[in-house]
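What follows is the residue order along each chain.
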Amino acid sequence: MSQKDFIEKFHTLLPECRPEAAQLWCEFAAESVDRKQYVHFQAAESRDASIESWLEVLYEGLRQTRETFGAELAARVAALSLERCCLYPGEMPRAAECLRSGDGAKDILAKIESGEIDCTNLFSAAPPKESPTKTYMSEQEFTAHMNGLIPTPSAEANSHLLDLANGLWLEMKDDLYHAFSFVSRHFTLETLQNVYDLCGARETGLLPWEIIGAAVYVQTGTPAEEISKDEWKDFVLLPTPESAGAISSLALCTVRENGEATQFYTPRFGQYDPQKLLDAAIARAGEAGTTAAEALQQMDHNLPDVESHVTANKAILGPGSRLAEKLSLLMSSSPITAAHIIMDADRGSVTIRMNPLWEKLRDERESGPPVPQKHSSRKRSSKHKNQPDR
């Protein structure tokens, strides 16, 4: 969307806003691009095109806010630009709630800085869709789905998986099927079959995150029997799909500092702004007398200014883990590695190299509803009922 179109649409959508408010949103879009903060963390073909992408999502955010909260509150959100409080689209609904409860621009900025205002999608203000009454997959449905998905299904593997599901939670049959469907779209059919066959060989089956972790290792040439006990346990940190159509949120992350490069990985690609994370890490490192890489390892993906004591909430994991090495190997052959994030702590800059295979997979499902990855609210264990030590 061009600046001219944005201003015209802005005033049509929110005629009660002061004229200069629209221009300030345009300036915010340009400043964001100049700070190398791009829509969906990816630069367009030119600076102008990147600015137009920002104007598109900003307008859509204001439109969605108007649709959810009404014209008056949407106009007040838009007018925050007059107080140098321009927002990401995903922050707009929370800002509207704050304004409705009597907060002002300074309060909103403080809540953003503290992490109290947070969002799952920075670039959309669309309200979450109400979920219909939950139904669970039956044993017959699970078997039919698996038989249609796996190249050579077996009654023994299906039986072991059903025993596992029935001994845990009601959604487990759905979770197991979604994990195998995820593997089928991110890995080769041979890898899918090999991981499935493990469930026939092991009476205990595999948990959803173990299915995905095993696929990463098997496709990079490591047989399941060579995966260490600690590595099996680490798979609990992998994101698992909530739908058969979910795409990977795993990405490789390299931190360059003092002439050295350290490799990490993130299970939360697209859920935080890497530039903001690096900026916060550099500031914290300066205060604590540590390196930025050390600071990054302690940071919560939701609250970059707060030290995380929960490993699953950390923005990056590693360093130098075997899983990170394997995600690097798979970058050219599988969409499991969404991108390579390069954080240069010496220069204070971030570069994101997208994986074309992941982009293709994303584009194929772009017209469908957004599918979240989940870090289950259930307490995960790397060992489940009747599972022997590996």
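Our structure's up above, just so we're on the same page.
The present account deals with the structure reproduced in this document.

Attention now goes to the side chain of Asp103. Position of Asp103 among the secondary structure elements: in the loop between helix 5 (92-100) and helix 6 (105-114). Polar side-chain contacts of Asp103 include one of 2.6 Å to the side chain of Lys111. Contact partners of Asp103, with chain neighbours within four places excluded, come to Cys98 and Lys111.

Moving on: helix 1 (residues 3-13). An α-helical segment advances 3.6 residues per turn. Residues three or four places apart therefore align on the same side. Turning to helix 1, its buried residues are Phe6, Phe10 and Leu13. Along the axis of helix 1, the buried residues cluster in a sector spanning 70 degrees; they form a single face. In helix 1, those exposed residues whose orientation departs by more than 90 degrees from the buried face are Lys4 and Thr12. Buried-residue contacts for helix 1 involve helix 2 (19-34), helix 3 (47-69) and helix 4 (71-78).

With that settled, consider the sheet that holds strand 3 (residues 260-266). Ordered in space as 3-2-4-5, the 4 strands form an open sheet in which the pairing is mixed. Because the sheet does not close on itself, it has two edges, and the strands there are strand 3 and strand 5 (349-354). Each strand of the sheet is rotated relative to its neighbour by a mean of 20 degrees, with strand direction disregarded. Relative to strand 3, strand 2 (residues 250-257) runs antiparallel, the two sharing 7 bridges. Looking at the pairing, Cys253 lines up with Phe264 of strand 3. Strands strand 4 (337-344) and strand 5 of the sheet are contacted by helix 13 (residues 274-288), whose axis makes an angle of about 145 degrees with strand 5. Of the strands in this sheet, strand 2, strand 3 and strand 4 touch helix 15 (residues 322-330), which is tilted by about 90 degrees from strand 3.

On to the state of the cysteines. One pass over the structure, following the stated rule, counts 0 disulfides. Take Cys26: it sits in no disulfide, and the sulfur closest to it among the cysteines is that of Cys86, at 9.7 Å. Looking at the unpaired Cys86, the closest cysteine sulfur is the one in Cys85, lying at 7.6 Å. Of the residues examined, Cys86 reaches a relative accessible area of 19% and is grouped as buried.

Spanning 13 residues, helix 10 (residues 189-201) covers 18 Å between terminal C-alpha atoms, matching the ideal 18 Å at 1.5 Å per step. Restricting attention to buried positions, one finds in helix 10 the residues Thr191, Leu192, Gln193, Val195, Tyr196, Leu198, Cys199 and Gly200. Buried residues belonging to helix 10 abut helix 7 (139-149), helix 8 (155-166), helix 9 (172-186) and helix 11 (208-219).

So, about the pattern of salt bridges. All told, the structure shown has 10 salt bridges when counted by the stated rule. The salt bridge partner of Glu67 is Arg63, with a shortest N-O separation of 2.8 Å. Taken as a pair, Glu67 and Arg63 lie in helix 3 at a separation of 4 residues, close to a single helical turn. On the accessibility criterion, Arg63 (27% relative accessible area) is partly exposed. Residue Arg362 pairs with Asp363 through a salt bridge whose shortest N-O separation is 3.2 Å. The class of Arg362 is partly exposed, set by a relative accessible area of 23%. Through salt bridges that share partners, Glu60, Arg63 and Glu67 make up one connected network.

On the surface, a cluster of negative charge is contributed by Asp5, Glu45, Asp48 and Glu52. Structurally, Asp48 can be placed in helix 3. Relative accessible area serves as the criterion here: at 52%, Asp48 is assigned to the exposed category.

Once that is clear, we can look at the packing of helix 3 against helix 5. Remark: helix 3 packs on helix 5, axes separated minimally by 9 Å, with the N-to-C direction vectors making an angle of 45 degrees. In this view, helix 3 runs oblique relative to helix 5, as classed from their interaxial angle. Crossing geometry of helix 3 relative to helix 5 is assigned as right-handed. When helix 3 is examined against helix 5, the residues Leu58, Gly61, Leu62, Thr65 and Phe69 are found in contact with a partner set consisting of Met92, Pro93, Ala96, Glu97 and Arg100. Residues belonging to the contact of helix 3 with helix 5 are distributed by class as follows: 6 nonpolar, 2 polar and 2 charged.

Reading guide: rules and limits
- Each residue is numbered by its place in its chain's sequence as written, counting from 1.
- Since the coordinates come from a predicted model, pLDDT governs what is reported: local features require at least 70, and pairs of side-chain atoms require 80 or more to be given and counted, while whole-chain, interface and lining totals use all residues.
- The side-chain values count all of the structure's non-hydrogen atoms but skip hydrogen atoms and water molecules.
- In DSSP terms, a helix is any run of H or I states spanning at least four residues, a strand is any run of E spanning at least two, and both are numbered starting from the N terminus.
- Polar contacts here mean pairs of N or O atoms no more than 3.5 Å apart (in protein, one a potential hydrogen donor and the other a potential acceptor; neighbouring residues in sequence count only if both atoms are side-chain atoms).
- Throughout, a residue-residue contact means that at least one pair of heavy atoms, one from each residue, lies within 4.5 Å.
- Any residue under 20% of the maximum accessible area for its type is buried, any over 50% is exposed, and the rest in between are partly exposed; the area is computed with a 1.4 Å probe on protein chains only.
- To be clear, the arc concerns the directions from the helix axis to the C-beta atoms.
- Between any two strands, at least two bridges found by DSSP are needed for them to pair.
- Axes, fitted as lines to C-alpha atoms, cover a helix only where it is in contact. Angles between the N-to-C directions of the axes lie from 0 to 180 degrees.
- Counting rule for disulfides: a pair of cysteine sulfur atoms within 2.5 Å.
- Each residue after the first adds 1.5 Å to the expected span of a helix.
- By definition here, a salt bridge exists when the distance from a side-chain nitrogen of Lys or Arg to a carboxyl oxygen of Asp or Glu is within 4 Å.
- Only residues whose relative accessible area exceeds 30% and that form no salt bridge enter a patch; like-charged residues are grouped when within 9 Å of one another, and nonpolar side chains (Val, Leu, Ile, Met, Phe, Trp, Tyr) when within 5 Å.
- Using a 1.4 Å probe, the Shrake-Rupley method yields the accessible areas, and only the shown protein chains count as cover for residues.
- Asp and Glu are treated as the negative residues and Lys and Arg as the positive ones, with His and the ends of the chain left uncounted.
- Taken as the charge centre is NZ of Lys, CZ of Arg, CG of Asp or CD of Glu, depending on the residue.
- Oblique is the label for every angle not falling under 35 degrees (roughly parallel), over 145 degrees (roughly antiparallel), or within 65 to 115 degrees (roughly perpendicular).
- Each helix crossing is assigned a hand: it is left-handed if the near helix lies turned anticlockwise from the far helix by less than a right angle, otherwise right-handed if that turn is clockwise.
- The residue classification treats Ala, Val, Leu, Ile, Met, Phe, Trp, Tyr, Cys and Pro as nonpolar and Asp, Glu, Lys and Arg as charged. All others, Gly included, are polar.

These results come straight from atomic positions and should not be treated as a statement about function.
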